[in-house]
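Architecture and fold: a report
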Amino acid sequence: MPKIAVYPGSFDPVTNGHVDILHRAVQVFHKVVVAVADNVNKRCLFSPAERVALLREVLGDDPRIEVDTFSGLLVDYVQRRGATSVLRGLRALADFEYEFQLAVMNRRLAPAVDTVFLMTDERYFYISSSLVREVAALGGDVSQFVPAAVERALRAKHPG
Ligand code: ADP
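Below, the structure is looked at part by part. (Residues numbered from 1 in each chain as written. Predicted model: local features only at pLDDT ≥ 70, side-chain atom pairs only at ≥ 80, totals over all residues. Heavy atoms only, no water.)

Quick word on the layout of surface pockets
Within this model, the largest pocket holds a volume of roughly 1,100 Å³. Taken together, 43 residues form the lining of the largest pocket, with P8, G9, S10, K42 and R88 sitting closest to its centre. Every element with two or more residues in the lining of the largest pocket is listed here: β1 (4-9), α1 (16-25), β4 (85-90), α4 (96-109) and α5 (129-137). Of the residues forming the lining of the largest pocket, the biggest block, six residues, is contributed by α4. Lining the second largest pocket we find eleven residues, and of these A136, G139, G140, R155 and H158 sit closest to its centre. No other element matches the three residues that helix α6 (residues 148-157) contributes to the lining of the second largest pocket. (1 Å grid on protein atoms, 1.4 Å probe; cavity = no way out; pocket = protein on both sides within 12 Å on 5 of 7 lines; lining within 4 Å. Points joined across faces, edges and corners; volume = space filled by probe spheres on them. Helix = DSSP H or I, 4+ residues; strand = E, 2+ residues; numbered from the N terminus.)

Right under this line is the structure:
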């Protein structure tokens, strides 16, 4: 049985931290499905289609990685995809409490689905999509935090 993980998130936009987690994950799983949350309640800078297109451009055509969107309950999507694990990234301690709650809730909803955490390289510990969006909106240089395609897309959103 191939081991499949679902890596859910907003990816608004994808950062070097996300990419690092994915490169680590394909060493552990046969396949990783990057699942872009199509969450109507969350105000995003990039539309789901834009976030998917950026991920595909950045990740290239690695047969071990698929990019998709999902809405509704994560554990339902995970089971529909034939996956057994939810993949999440951990940065500093600040992520822990929220991620812990989420993992326990998902385990209650679907005991067969486990959450697996991977840690990024410490170079990416402080990177978050929200900080990248803020810096880019204020005209700052985000080239060390995101792939080149994302930097271009951010510049197009904030011309001048
Ligand atoms: P969400 O809105 O679900 O938090 P994100 O796109 O912000 O979506 O994050 C998706 C996952 O990637 C989360 O598990 C988050 O902790 C992780 N992540 C985001 N940035 C980094 C980073 N720099 N290093 C490690 N993990 C990260």
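Observations concerning the site of the ligand
Taken together, 18 residues are adjacent to the ligand, and Y7, S10, K42, G89 and Y124 come closest. R88 is positioned such that a nitrogen or oxygen atom in its side chain is 3.1 Å from an oxygen atom of the ligand. Here the ligand has 550 Å² of accessible area as a free molecule, and 89% of this is covered by the chains. Of all the cavities here, the one that holds the ligand is the largest pocket. If you list the elements that add at least two residues to the shell around the ligand, you get β1, α1 and β4. Its residues assigned to classes, the shell around the ligand shows seven nonpolar, six polar and five charged. (Near = heavy atom within 4 Å. Polar contact = N/O pair within 3.5 Å; in protein donor to acceptor, adjacent residues only side chain to side chain. Areas by Shrake-Rupley, 256 points an atom, 1.4 Å probe, with all protein chains shown as cover. Sits in = over half its atoms within 2 Å of the grid points. Nonpolar A, V, L, I, M, F, W, Y, C, P; charged D, E, K, R; others polar.)

Let's talk about the pattern of salt bridges
Applying the stated criterion to the full structure yields 13 salt bridges. Close ionic contact of D20 with R24 constitutes a salt bridge, the shortest N to O distance being 2.7 Å. One end of the pair, D20, and the other, R24, are both in helix α1, four residues apart, so they sit about a helical turn from each other. Taking the relative accessible area as the measure of exposure, D20 reaches 11% and is therefore buried. The salt bridge involving R64 is made with D62; its shortest N-O contact spans 2.9 Å. Under the relative-accessibility criterion, R64 is labelled partly exposed at 34%. Overlapping salt bridges bring together K31, E66, D68 and R81 as one network. (Salt bridge = Lys/Arg side-chain N within 4 Å of Asp/Glu carboxyl O. Buried < 20%, exposed > 50% of the residue type's maximum accessible area, 1.4 Å probe, protein only.)

Quick look at the side chain of R51
By the secondary structure assignment, R51 is in helix α2 (residues 48-59). As a buried residue without a salt bridge, R51 has its nearest oppositely charged side chain in D12, at a separation of 4.2 Å. The contact partners of R51, leaving out residues within four places of it in the chain, are S10, F11, D12, V36, A37, C44 and F46. (Lys, Arg positive; Asp, Glu negative; His and termini not counted. Contact = heavy atoms within 4.5 Å.)

With respect to the packing of α2 against α6
At a minimum axis separation of 9 Å, α2 and α6 run at an interaxial angle of 150°. Taken together, α2 and α6 sit at an angle that is classed as roughly antiparallel. Across the interface between the two elements, E50, L54, E57 and V58 of α2 pack against A149, V150, R152, A153 and K157 of α6. Residues of the contact of α2 with α6, tallied by class, amount to five nonpolar, no polar and four charged. (Axes fitted to C-alpha atoms, helices over the stretch in contact; angles between N-to-C directions. Parallel < 35°, antiparallel > 145°, perpendicular 65-115°, else oblique.)

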